[in-house]
Amino acid sequence: MNRHGAAAIFRHEMARFFRTIWQSIASPVLSTALYFVVFGSAIGGRIQSVEGVPYGAFIVPGLMMLTVLQQSVSNASFGIYFPKFSGTIYEYLVSPVGWVEITLGFVGAAAVKAILIAFLILATSYFFVEMHVLHPLWMLAFLFLTALAFSLLGFIIGLWAKSFEQLQVVPLMVVTPLVFLGGAFYSADMLPPFWESVAKLNPVLYLISGFRWSFFGLADVPVTVSLLAVAAMIVVCMGIIRWIFATGWRLRD
Amino acid sequence: MSGIIEIENLSKQYGSGTRALDDVSLSIREGEILALLGPNGAGKTTLISIICGLVVPTSGTVRVGGHDIRTDWRAARRLIGLVPQEIALEPFESVIDSVRYTRALYGEPPDDAHVEAVLRSLALWGKRDAATRELSGGMKRRVLIAKALSHRPKVLFLDEPTAGVDVVLRREMWDVVRDLRRSGVTIILTTHYLEEAEEMADRIGVIDKGKLALIQTKAEMMGEFGRKTLVIELDTALPALPAGLARPGLALSDDGASLAYDYDTKAERTGIARLLGDLAQNGVGVRDISTTQSSLEEIFMNLVSETPRVSA
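How each quantity is defined
- Residues numbered from 1 in each chain as written.
- Chains lettered and ligands numbered in written order.
- Predicted model: local features only at pLDDT ≥ 70, side-chain atom pairs only at ≥ 80, totals over all residues.
- Helix = DSSP H or I, 4+ residues; strand = E, 2+ residues; numbered from the N terminus.
- Rg over C-alpha atoms; globule rule 2.2 N^0.38 Å.
- Buried ≥ 20, exposed ≤ 12 C-beta atoms within 10 Å, placed from the backbone.
- Contact = placed C-beta atoms within 7 Å.
- Core = buried A, V, L, I, M, F, W, Y, C linked by C-beta atoms within 7 Å.
- Pairing = 2+ DSSP bridges.
- Axes fitted to C-alpha atoms, helices over the stretch in contact; angles between N-to-C directions.
- Nonpolar A, V, L, I, M, F, W, Y, C, P; charged D, E, K, R; others polar.
- pLDDT = per-residue confidence, 0-100.
- Domains from an automatic or database assignment.

1. Some details on the overall build of chain B
Line of reasoning, step 1. Looking only at helices and strands, one finds 10 helices and 14 strands in chain B.
Line of reasoning, step 2. In terms of overall dimensions, chain B is more spread out than a globule: its C-alpha atoms have a radius of gyration of 25 Å, far above the 20 Å expected for 312 residues.
Line of reasoning, step 3. Across its three principal directions, the C-alpha atoms of chain B cover 80 × 45 × 40 Å.
Line of reasoning, step 4. Per-residue burial over chain B gives 38% buried out of 312 residues.

Structure representation (structure tokens):
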């Protein structure tokens, strides 16, 4: 294990985040504020509460998840795609760093950045709604596991992508729709039975449900199922990354 | 004694069917400068890319410092530094951070004294805080060398180190390479500038169509393949070559003032003594005699033009 290598990649990626700190912070804070204005005030004024939770507060876990998923995927995919684009990927391939160190560095940094922004959104939400977290440790656990799982997914997208267009297509066409349809702004119980069954095919529903449970004790699906879903995603993604580095697919000739 | 790099029966066939390397075996001695010469697409970059870990070989083995590059890759890679052909640097990173980063990737703890020494040796210390995008092409290439030296490698690969750089900078790069050799680093450089190989290398390997056509010391190559030309300045210009002097390799200059005689230095009889005797016998007076030797470029062209080229 090359710990200096893994730590260097992690610090290097975090440095990129801090170099553009205002862009990194301003964009999610502004989006969150807009979501609160649109969903919390305009629509929330009509919905009032969902299962006893004020609508403005109800959407906070969904908003955090939306951001964590988007940030995890985009940070990790860009992190590994940029060296491929600029040609500096050769450094990782010729130095004594293995797939574990490279993944730890890139994915770890992407996940930490996403978690930091999620906390920023939570802090922003206190300006709009009254919030309290029922199970803070579980909230942290869900946040960490989800950020990790989607950073791994983003890392795979970055390894796979051959152009900036490909880099954008999965987050835009797959991740964002899954989050919106995964109960970020509503409970699956609010859907007609048929659509509730369809919604339960969406893996993101399980993440948002578990995360919302840690806030309010309310869940669309059992919490253990949510945990198993995110753990399964982590295992599958790790397996794919290991295979990519072992075979050199899209990395080595 | 085994070399610092031992290559045995190395082959690489790409998915497209192109055979970039074909059964190459080679031993590289510690502390030498080896120049790999060959036309574009000959397989030079594929060879060093396999040794460094960028390309997976189809068959064969490579050992660096006794470590197999596939089964003991971490130990093998720690001994290697690579300066790639293309300039690839993170544009917003400072020079010193870029060098520190590479050192860390090689598993080495921070050592700013060493980083400073490397940057000073490459005349980059004054630019240590500059972002790499602000540097000239030559400086960027030196940053790549600094990065490759950041972990004190025993073997340095320079892939076309002076491609696209001006003459002054090329000479500067040669000085850098010589300094590195003096510090004990084994250097393998690929080039298609014959002047470069002639100027710097201890040994020259010629790669053509994926095969190692030849590997010899520069002196051996010049001796073995070099042809010399004997130039004889005549007392009086001749209107034509007298019949008594005619022989293969001998030609009269256009103005008739000199004779040029090409001969093979490794031949048992060069024919020089006989030619001089025949000149005297035919009453041709000689004013001066000199010899010129064929350049490495001519030797190289002879080697790679022996078989017809195929497009890869």
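2. Looking at the overall build of chain A
Line of reasoning, step 1. The helix and strand tally for chain A stands at 10 helices and 2 strands.
Line of reasoning, step 2. Each helix and strand of chain A, ordered N terminal to C terminal, gives the series α-α-β-β-α-α-α-α-α-α-α-α.
Line of reasoning, step 3. In terms of C-alpha radius of gyration, chain A reaches 19 Å, essentially the compact-globule figure of 18 Å for 253 residues.
Line of reasoning, step 4. Projected onto its principal axes, the C-alpha coordinates of chain A cover approximately 60 × 40 × 35 Å.
Line of reasoning, step 5. Across the 253 residues of chain A, 46% fall into the buried class.
Line of reasoning, step 6. In chain A, the share of contacts with a sequence separation of at least 24, taken over all contacts with a separation of at least 6, comes to 79%.

3. Concerning the nonpolar core
Line of reasoning, step 1. Counting 143 residues, the largest nonpolar core has Met65(A), Ala35(B) and Phe157(B) as its most contacted members.
Line of reasoning, step 2. In terms of residues, this core owes the most to one element, helix H3 (residues 55-86) of chain A, which gives 16 residues.
Line of reasoning, step 3. Those residues in contact with Phe157(B) that lie beyond four places of it in its chain are Ile48(B), Cys52(B), Ile80(B), Leu82(B), Val83(B) and Ile188(B).

4. Focus on the sheet that holds strand S12 (residues 250-252) of chain B
Residue and element names in this part refer to chain B.
Line of reasoning, step 1. Across the sheet, 4 strands lie side by side as S12-S13-S11-S14; this open sheet has antiparallel pairing. Among the strands making up the open sheet, the edge pair consists of S12 and strand S14 (286-293). Mean inter-strand twist for the sheet, computed between neighbouring axes without regard to direction, equals 20°.
Line of reasoning, step 2. Summarising the sheet, S12 and strand S13 (residues 258-264) pair through 3 bridges and their orientation is antiparallel. Bridging across to S13, Leu 250 finds its partner in Tyr 261.

5. Topic: the interface of chain B and chain A
Line of reasoning, step 1. Contact with chain B, which involves 25 residues of that partner, is made by 19 residues of chain A.
Line of reasoning, step 2. The element contributing the most residues to the side of chain B that touches chain A is helix H3 (residues 95-105) of chain B, with 4 residues.
Line of reasoning, step 3. Taken together, the residues of the side of chain B that touches chain A sort by class into 16 nonpolar, 3 polar and 6 charged.

6. Some remarks on the sheet that holds strand S5 (residues 67-68) of chain B
Backbone hydrogen bonds are what pair the strands of a sheet, in a parallel or an antiparallel way.
Residues and elements named next belong to chain B.
Line of reasoning, step 1. Across the sheet, which stays open at both edges, the 4 strands sit in the order S2-S1-S4-S5 with antiparallel pairing between neighbours. Two strands close off the open sheet at either side, each with one partner strand: strand S2 (19-28) and S5.
Line of reasoning, step 2. Where strand S4 (residues 59-64) and S5 come together, 2 bridges link them in antiparallel fashion. Across the sheet, residue Val 64 finds its bridge partner in S5, namely His 67.

7. Observations concerning the confidence of the model for chain B
Residue and element names in this part refer to chain B.
Line of reasoning, step 1. In this model, chain B carries a mean pLDDT of 88, and residues with pLDDT of at least 70 account for 94%.
Line of reasoning, step 2. Between residues 307-312, whose pLDDT stays under 50, and residues either more than four places distant or in other chains, the model counts 3 contacts.
Line of reasoning, step 3. As a predicted assembly, this complex carries a pTM of 0.85 together with an ipTM value of 0.88.

8. Describing the domain arrangement of chain B
Line of reasoning, step 1. One can read the domain layout of chain B as domain 1 (5-223) and domain 2 (227-293).
Line of reasoning, step 2. Between domain 1 of chain B and domain 2 of chain B, the C-alpha centre-to-centre distance is 46 Å.

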